[in-house]
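Residues per chain are reported as follows:
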Amino acid sequence: MIKRVIFKGQLLPLLLLAPQLAVTAVFFLWPAGQAIYQSLLQEDPFGLRREFVGTENFDAVLNDPLWLNALGNTAVFSVSVAALALGVALLLAVQADKAIRGANLYKTMLIWPYAVAPAVAAVLWLFLFHPSIGLIGRALNAAGVAWDYKLNGGQAMLLVIVASAWKQVSYNFIFFLAGLQSIPRSVLEAAAIDGARPFRRFWTVVFPLLSPTSFFLLVVNLVYAFFDTFGVIHALTGGGPGNATETLIYKVYVDGVQNLNLGASAAQSVILMVLVVGLTMVQFRFVERRVHY
Amino acid sequence: MDAATTRRRRLRGAAWAHAVLAIGVLIFFLPIWITLVGSTHDTATIGRGDVPLLPGGEAIANYTAAWNAGGGRYRSAPAGLMLGNSLLMAVLIAGGKIAISLISAYAVVFFRFPGRMLAFWTIFLTLMLPVEVRIIPTFQVMVDLSLVNTMAGLTIPLIASATATLLFRQFFLTIPDEYVEAAKIDGAGPLRFFRDVVLPLSVTNIAALFVILFIYGWNQYLWPLLIVNDRGLETIVVGLAKMIGSGDTQNEWNVIMATAVLALVPPVFVVVAMQRWFVKGLTETEK
């Protein structure tokens, strides 16, 4: 869809676009190009010598047990965050949709965690799960569970998953509730008249109608778990204990910023870029379909 | 099935719904409650591990300490200063994104010029290049431009926005051609049309977007962590995380908790106070 009536002029529109294009070129395109270029080079830490090494950095990254560990962690973490955040949000949205009285009040009380920064969410959950000052952490230890997320990798992973999912439930809740409220009442009444019980009604009528929303949210949640949870991990566990909560993004940061291994960091960046392009394309292909729903 | 049974069943359903929702709301509030209560006790109470469930009497002392002096093992910057930095950063990012997206979308929709689609797709590309995937080279650019440790460096690289440009483009396309024709007949040029017609029509969209982008700006973490090591520019979210350190038991937890409360009140207030715009902004930017 394009406009039929437009203004004349060549210079003005270019001037209007200039700020955005300048920022994009200097801070996005140039660094991205640099990342690709550096991923093909081997450089000593002082930047004195560099040589072209082709795909050597990529081979090194893909065969690095720590990178594969981070890949596995990312998979477990992302899938768990998405599943937990989507499951809880759907449950709450279905209940809020039923309780028509007060639905808006519940909405207000459930959406605010969206505004809490991931790192702050991490800190809030630390206050609950700290082994010696946290309410739940202490209770677990008193009950005989050896709870210390700073020593136990599995527990650390569990904690970063819970803190990350907590924040994302609000977002999913808003979309699920909107999706539920847009289902025509007549469809539900028809199903009820046909004798379908509530549970069956949900799985055979409501859930299929919600599936476009659910799929869209799944992609958004995976993107969130991938990229926006750096703060949770950095504030809570720092990737540890050991490397138990080190995700792909966290490893790029550690290798590039702390270890100054530029070639390896750049190669990891390029691999992540490919991943983002893929996810973005899935997201946009899907958005087309969502509009028709 | 008689009317009484239906009624009873519906009531039972509603009771269930309210029970599940109430538990959900409680779980959502639990971490906040613990933090709020903790921020009103003294260091020793929390350090001993007697997790208090009801507020104590040290609120004023703790919040004053956090606001004026900061705290924690790693002596943070004062929370008052960090809040100011976060506020400025969030407003500059949100305002900057909206301003440059408005004019870019205006150029793409209301003009025909060579390179129009190229410009549009270039902006679109930024979606696929989050900071996380280009950390080191972007940092090098910042060093070359001497933008490290500056408010400009904290904000300018973040103000390109594909989503905001897409949203405004979408909205501008719905402005009827007759408006442009009428403006032309009246002798109004493109800048006049932008100021007198397009901007007033966009107010709702701008408000909705501002809420989302303000929170986006406030919650930045990796970017400030990378390019700020000057305490005078510390933002509250990063400052708070630094106060935690490695999570030792012996720490000024009460002051840290007070800082956590200060860090989350402004964005939460914006979302709750502007809930209608927030929901609109959220659902439209993701379309």
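Every chain's residues receive numbers from 1 upward, in the order its sequence appears when written. Here chains are named by letter from A upward and ligands by number from 1 upward, in the order in which they appear as written. Local features are withheld for residues below a pLDDT of 70 in this predicted model, meaning they are given only at 70 or higher, and side-chain atom pairs are given and counted only at 80 or more; totals for whole chains, interfaces and linings count all residues. Heavy atoms throughout the structure, all of them, feed into the side-chain values; hydrogens and water do not.

What counts here: UniProt positions are given in the numbering used here, feature names are shortened, and annotations may be inferred rather than shown by experiment.
Going by the annotation in an unreviewed UniProt entry, the name recorded for chain B is sn-glycerol-3-phosphate transport system permease protein UgpE, with Plastoroseomonas hellenica given as the source organism. Taken verbatim from the UniProt record of chain B, the Sequence similarities (unreviewed entry) comment is "Belongs to the binding-protein-dependent transport system permease family."

Naming follows an unreviewed UniProt entry, where chain A appears as sn-glycerol-3-phosphate transport system permease protein UgpA of Plastoroseomonas hellenica. A UniProt comment under Subunit (unreviewed entry) is attached to chain A, and it reads "The complex is composed of two ATP-binding proteins (UgpC), two transmembrane proteins (UgpA and UgpE) and a solute-binding protein (UgpB)." Under the Sequence similarities (unreviewed entry) heading, UniProt states for chain A: "Belongs to the binding-protein-dependent transport system permease family."

### A closer look at the interface of chain A and chain B
Selection criterion: Note on definitions: a residue-residue contact is assigned when non-hydrogen atoms from the two residues lie within 4.5 Å. The salt bridge criterion pairs a side-chain nitrogen of Lys or Arg with a carboxyl oxygen of Asp or Glu, the two atoms within 4 Å. Between N or O atoms, a polar contact is any pair within 3.5 Å; within protein, one atom must be a potential hydrogen donor and the other a potential acceptor, and residues adjacent in sequence are included only when both atoms are from side chains. Secondary structure counts use DSSP, requiring at least four H or I residues in a row for a helix and at least two E residues in a row for a strand, with both numbered from the N terminus. Polarity classes work like this: nonpolar for Ala, Val, Leu, Ile, Met, Phe, Trp, Tyr, Cys and Pro, charged for Asp, Glu, Lys and Arg, and polar for all others, with Gly in that last group.
Tallying the contact residues gives 97 residues for chain A and 111 residues for chain B. The interface formed by chain A and chain B contains zero salt bridges. Applying the counting rule to chain A against chain B returns nine residue pairs in polar contact (both at pLDDT 80 or more). The element best represented in the side of chain A that touches chain B is helix H1 (residues 11-38) of chain A, accounting for 20 residues. In the side of chain A that touches chain B, the residues fall into 67 nonpolar, 20 polar and ten charged.

### Quick notes on the UniProt feature "transmembrane region" (unreviewed entry) in chain B
When the UniProt feature table is mapped onto this chain numbering, "transmembrane region" (unreviewed entry) sits at residues 15-34, 87-111, 118-136, 148-168, 197-218 and 253-274 of chain B. Taken end to end, residues 197-218 of chain B is 95% helix and 0% strand, and its first and last C-alpha atoms sit 31 Å apart.

### Section: a nonpolar patch on the surface
Residue and element names in this part refer to chain B. Where we set the bar: Here the term patch refers to residues with relative accessible area over 30% and no salt bridge, with like charges joined within 9 Å and nonpolar side chains (Val, Leu, Ile, Met, Phe, Trp, Tyr) within 5 Å. Values of accessible area rely on a 1.4 Å probe in the Shrake-Rupley scheme; residue burial ignores everything except the protein chains shown. Type-normalised accessible area, obtained with a 1.4 Å probe on protein chains alone, sets the label of each residue: buried when under 20%, exposed when over 50%, and partly exposed for intermediate values.
The grouping of Trp-33, Leu-36, Leu-53 and Leu-54 at the surface amounts to a nonpolar patch, some 400 Å² of accessible area in total. Inspection of the secondary structure assignment puts Leu-36 in helix H1 (residues 3-38). Judged by relative accessible area, which is 36%, Leu-36 ranks as partly exposed.

### Considering the pattern of salt bridges
Where charged atoms of side chains with opposite charge meet at close range, the side chains can pair. All names here are of chain B. Scanning the entire structure with this criterion turns up six salt bridges over all chains. Here Asp-196 ties to Arg-192 by a salt bridge, and the two come within 2.7 Å at their closest N and O atoms. Taken together, the residues span about one helical turn, with Asp-196 and Arg-192 both in helix H10 (residues 190-201) at a distance of four residues. Taking the relative accessible area as the measure of exposure, Asp-196 reaches 37% and is therefore partly exposed.

### Re the nonpolar core
Spelled out, the test is: Nonpolar core, defined: a set of buried Ala, Val, Leu, Ile, Met, Phe, Trp, Tyr and Cys residues in which side-chain atoms within 4.5 Å join the residues together.
Formed by 152 residues in total, the largest nonpolar core has its most connected members in Val116(A), Val120(A), Phe127(A), Phe173(A), Leu236(A), Tyr221(B) and Phe278(B). Discounting residues that sit within four places of it in the chain, Leu236(A) has contacts with Ala122(A), Leu126(A), Tyr149(A), Leu159(A), Val160(A) and Ala163(A). Ranked by size, the runner-up nonpolar core spans 35 residues in total, among them Ile98(B), Leu166(B), Phe172(B) and Ala188(B).

### A closer look at the packing of helix H7 (residues 153-181) of chain A against H1(B)
This is how it is decided: Note on definitions: angles span 0 to 180 degrees between N-to-C directions of axes, and those axes are lines fitted to C-alpha atoms, for helices only across the stretch in contact. To sort the angles, those under 35 degrees are grouped as roughly parallel, those over 145 as roughly antiparallel, those from 65 to 115 as roughly perpendicular, and the leftovers as oblique. Here a crossing is called left-handed whenever its near helix is offset anticlockwise from the far helix by less than a right angle, and right-handed whenever the offset is clockwise.
Two numbers describe how H7(A) lies on H1(B): the axes approach to 12 Å, and their chain directions differ by 135 degrees. The angle between the axes of H7(A) and H1(B) places the two elements in the oblique class. Every pair of crossing elements has a handedness; the one defined by H7(A) and H1(B) is left-handed. Taking contact as the criterion, the partners of Trp166(A), Val169(A) and Ser170(A) in H7(A) are, on H1(B), Ile27(B), Phe28(B) and Pro31(B). Here the residues of the contact of H7(A) with H1(B) are counted per class, giving five nonpolar, one polar and no charged.

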